[in-house]
Every structure is written in structure tokens, then in C-alpha cells.
Amino acid sequence: MVHALLFFMVGEGGPPGANKPPQGFSEVYEAWSPLLFRIVYRMTGRREAAEEIVQEAFIKYYERRDVLPTDEGLKYWLIRVARNLTLNHEKRRGRERRALERVFHEPAPKAEKGALEKLTDSEAVGDVQKALLLLPENLRTVLILKEYTGFAYAEIGKMLNITEGNVKVRVFRARARLAQLLKEVL
Amino acid sequence: MKDIERMVVSAYEDGEVEFPWSDRVLKKMEENPEWVAEAQSHRRIKAALASSPEPDFSEVRQRVKARIEAHLPRRRRLTLPPVWMSVAAAAALVLVAGGGFWVGRQTVATPPSAVAELQVQVPKTLGLKLSGEGQLLMASTLQGKSR
């Protein structure tokens, strides 16, 4: 009881346990940042973007950590935030690119229709990653969550606020589209 | 092959088709090479995605963590106290409470009837308006003395 009383007096935090969800900034960061880096990198194909977005996501977490859940819900929240930040980042990047193209009177490359080799990026990303980036965002996100994080359809549905059936359809469509794009590679 | 069937194969490859439907998918695959081909196509995609290289983020992760911790307003890093500290605190509490109780018992062992009246002479220079001859009647608990 005194231990509990002291714990109450001393405040938050606690010893990390095997079955205990991570608590406190450091533990949460160590637990979930590898996952976020992986997801964001796969969504953007760029290392720098992953660094910037994951940092922003954890700053948001740091600022709101008192009101956020500490269980699995936190993981879902972090992934949702990272995804939204990625979408905003990509939109901003698209706007900047279009503005530059207007300035230099160069036509914008069509990301959707372009062949793999048309997609240019500052980083040397593999063909599979390039093909992944050509998928529409709603298909890409679901496929990345399925293939690179191992979440079940139900979990992905919870994260993205869509039904499990919808996840199933999107994963299937994403794979079908990816198969078309990779036909020349596979 | 219909799209709905292809979707079932896709879900089956993800381990998302439950029994008994999973057995039915297996049976279909035994009977129909088209289903097998579809499954192989999904497996190839999965393998391609899995083999796609990924940068090592361990250094970047530490850099980002250090940046966040350095720039955000620091709050008290609070952790659960060790058990020995709790035990020591409990023992100290017991000692203090027990000692206080014992001392209290020794000093306040006054019978309930031991209420005395104390007559105090108050100098008139104080300017107090008192009844009678400036005597103040006080009731006090005086040990072993009664009126």
C-alpha cells in the first residue's frame, strides 16, 4: 500500500514489464518508432521524409501524452498520425513540384501512368518500392500495413477507420495493381 | 476466375480465411489450377515486397529521439520508487505514528472529571471590560487538579 502511495506521490512512469504496455516517452519511442519509420519510409520512399514525419509524430505524442491511451490504442494512434502527416507531406511536396514546374515551364510527370523507370527520385529505391509508390494512397497504405507490419485485417481496419471487408478488398486490389506494375520485373 | 474468388485467394494467403472456409479454399486449389496460379501470383508479390531493401534507421532513430528530448520542455522524469525505499518509508511511518501515540497516551491520561476553574487576575490597564472585578473565569484541563 505504501508502495502504491509513494507511486501515487511520485507520479507517472514505471518499470518496464514484459506484459506492460510501454509508458513514458522513451519507452514508447523505443517500442514504436521502428514500426513508424518503416511505414513512413514505405509510403514515401524517402529516408529524409521518414525522419521528418516520425519526428513530428512523436512530438505530437509528447505534447498529448497525458490524454492518450497507453495500450494498443496508442500504437494505432501513432500510425494514424504518421499516415496523416505523410499525406500532408506528400500534398505539400506535390504543390511545390507543380509550382516549380510552372516556373520552369516543364510538364508534370504523371505519377499514375508512368512506367517504373519514369519515376525519378533522389534516392536509389528498388523497383518494388518504386512500384509501391505508384499505387493510389488508399491501396498503398493498406498493403504496407499488411506486408510490412504484419497487422491483421481487423487491426488495419481499426487504424484506418474502415471495415475489415474493405481492408480485404483494398489489399487484393493493391496486389493486383502491383502485379501489373511489376510484370516486367518479376 | 472471378474477382471475388481472386480476393478470397488473396485473403487466404494472408491467413485471413477461417475454418471451415480455409479447407474449402484448399480443396478448390486441389481441383482448380487457376486457383493455384492465383495463389502463386500473390505469393510472388508478397516475396517481392519482403525482399525490397530498406534502409537501416537505427542511427536516425537515436538522432530523432535526442532532438525531441533536447528541444521539448522537460518534465520531471518520474519513476516508481524501489521497493526498499517503500519499506523504509513504511517503517518510518509506523515508528512516527507509534511514538506519537505512546507520547500522547503518557501526557493526556487525564480523567474526564478533571476540569478545573482557574481564576486569573487581569490587570485593569488592559482595558478589558470584564464582569465582576476583572476576573476571568476559564475552564481548563489541569492534570490532577479540580476545583
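In this text, all values refer to a predicted model and were calculated from it rather than measured experimentally. (Residues numbered from 1 in each chain as written. Chains lettered and ligands numbered in written order. Predicted model: local features only at pLDDT ≥ 70, side-chain atom pairs only at ≥ 80, totals over all residues. Heavy atoms only, no water.)

Overview of the overall build of chain B
This is how the line gets drawn: To qualify as a helix, a DSSP run of H or I must reach at least 4 residues; to qualify as a strand, a run of E must reach at least 2; elements of each kind are numbered from the N terminus. Remark: exposure states derive from per-residue accessible area (1.4 Å probe, protein chains only) relative to the maximum for the residue type, with buried under 20%, exposed over 50%, and partly exposed in between. Residue contacts are defined here by distance: any two heavy atoms, one from each residue, within 4.5 Å place the two residues in contact. Methods summary: accessible areas were calculated by the Shrake-Rupley approach with a probe of 1.4 Å, and residue burial reflects only the protein chains presented.
Along its length, chain B carries 5 helices and 2 strands. Counting helices and strands in the order they occur from the N terminus, chain B gives α-α-α-α-α-β-β. Counting over 147 residues, chain B shows a buried share of 23%. Here the analysis covers contacts within chain B between residues at least 6 apart in sequence; of these, 47% occur between residues at least 24 apart. In the structure as shown, chain B presents an accessible area of about 10900 Å², 59% of it carried by carbon and sulfur atoms.

Overview of helix 7 (residues 153–160) of chain A
Put simply, the rule is: In this context, the arc is that of the directions from the helix axis out to the C-beta atoms.
All buried positions along helix 7 of chain A are accounted for by Tyr153, Ile156, Gly157, Met159 and Leu160 of chain A. The buried residues of helix 7 of chain A occupy an angular sector of 165 degrees when the element is viewed end-on, so they sit on one face. Of the surrounding elements, those touching the buried residues of helix 7 of chain A are helix 4 (72–104), helix 6 (137–149) and helix 8 (164–182) of chain A together with helix 1 (3–13) of chain B. Remark: Asn161 of chain A follows helix 7 of chain A within two positions and exhibits a positive phi of approximately 60 degrees.

Thoughts on the side chain of Thr149 of chain A
All names here are of chain A. What counts is decided by this rule: N or O atoms within 3.5 Å of each other form a polar contact, as long as, within protein, one can give a hydrogen and the other can take it, and as long as residues adjacent in sequence are counted only when both atoms are side-chain atoms.
Mapping Thr149 onto the fold places it in helix 6. Assessed through its relative accessible area of 19%, Thr149 is described here as buried. Reaching out from Thr149, the side chain makes a polar contact with the backbone oxygen of Leu145 at a distance of 2.2 Å. When sequence neighbours within four positions are dropped, the list of residues in contact with Thr149 reads Leu35, Ile39 and Ile144.

Some points on the packing of aromatic side chains
Residues and elements named next belong to chain A. Selection rule: The rule is short: rings of Phe, Tyr and Trp, with Trp giving its six-membered ring, pair when the centres are within 6.5 Å, and they are stacked under 30 degrees, edge-to-face over 60, tilted in between.
Applying the stated criterion across every chain yields a total of 8 aromatic pairs over all chains. Each ring, one from Phe25 and one from Phe58, has its centre 6.3 Å from the other, and the planes form 90 degrees; the classification is edge-to-face. Pair noted here: Phe25 is in helix 2 (residues 24–44) and Phe58 is in helix 3 (residues 47–64), with a separation of 33 residues, a long-range link. Both residues of the pair, Phe25 and Phe58, belong to the buried class.

Some remarks on the layout of surface pockets
Over the atoms, a rolled probe matching the size of one water molecule traces out where space is still vacant. Note the following rule: Cavities and pockets are found on a 1 Å grid laid over the protein atoms alone: a cavity is a set of points where a 1.4 Å probe fits but cannot escape, a pocket is an open set with protein on both sides within 12 Å along at least five of seven lines, and a lining residue has an atom within 4 Å of such a point. Grid points are joined across faces, edges and corners, and a volume is the space filled by probe spheres set on the points.
Taken as a whole, the second largest pocket holds about 310 Å³ of empty space. Forming the walls of the second largest pocket are 16 residues, and the residues nearest its centre are Ala176, Ala179 and Gln180 of chain A together with Arg6 and Ser41 of chain B. Counting only elements with at least two residues in the lining of the second largest pocket, the list comes to helix 8 of chain A together with helix 1 and helix 3 (33–51) of chain B. For the lining of the second largest pocket, the element with the most residues is helix 8 of chain A, which contributes 7 residues.

So, a positive patch on the surface
Basically, it comes down to this: Patch membership requires more than 30% relative accessible area and the absence of a salt bridge. Residues of like charge join within 9 Å; the nonpolar side chains Val, Leu, Ile, Met, Phe, Trp and Tyr join within 5 Å. Any Lys or Arg side-chain nitrogen located within 4 Å of an Asp or Glu carboxyl oxygen qualifies as a salt bridge. Under this rule, positive means Lys or Arg and negative means Asp or Glu; His and the chain ends count for nothing. Where a charge lies is defined by one atom per residue type, namely NZ (Lys), CZ (Arg), CG (Asp) and CD (Glu).
The grouping of Lys91, Arg95, Arg98 and Arg102 of chain A at the surface amounts to a positive patch. For Arg102 of chain A, a relative accessible area of 62% puts it in the exposed group.

Observations regarding the confidence of the model for chain A
Low pLDDT marks stretches whose predicted atomic positions should not be read closely. All names here are of chain A. Note the following rule: For every residue, the pLDDT score states the predictor's confidence, bounded by 0 at the bottom and 100 at the top.
In the predicted model, chain A carries a mean pLDDT of 80, and 76% of its residues have values of at least 70. Confidence drops under a pLDDT of 50 for residues 1–18, and excluding neighbours within four residues, the segment shows 32 contacts in the predicted structure. Note that residues 112–124 has pLDDT below 50 and, in this model, 24 contacts with residues that lie over four places away or in other chains.

As for the nonpolar core
Worth spelling out the cut-off: For this analysis, a nonpolar core means a set of buried residues of the types Ala, Val, Leu, Ile, Met, Phe, Trp, Tyr and Cys, connected via side-chain atoms within 4.5 Å.
Among the nonpolar cores identified, the biggest contains 66 residues, and Phe58, Tyr61, Leu78 and Leu178 of chain A are the most heavily contacted of them. For this core, the element with the highest residue contribution is helix 2 of chain A, accounting for 11 residues. Contact partners of Leu178 of chain A, with chain neighbours within four places excluded, come to Ala131, Leu132, Leu135 and Leu143 of chain A together with Ile45 and Leu49 of chain B.

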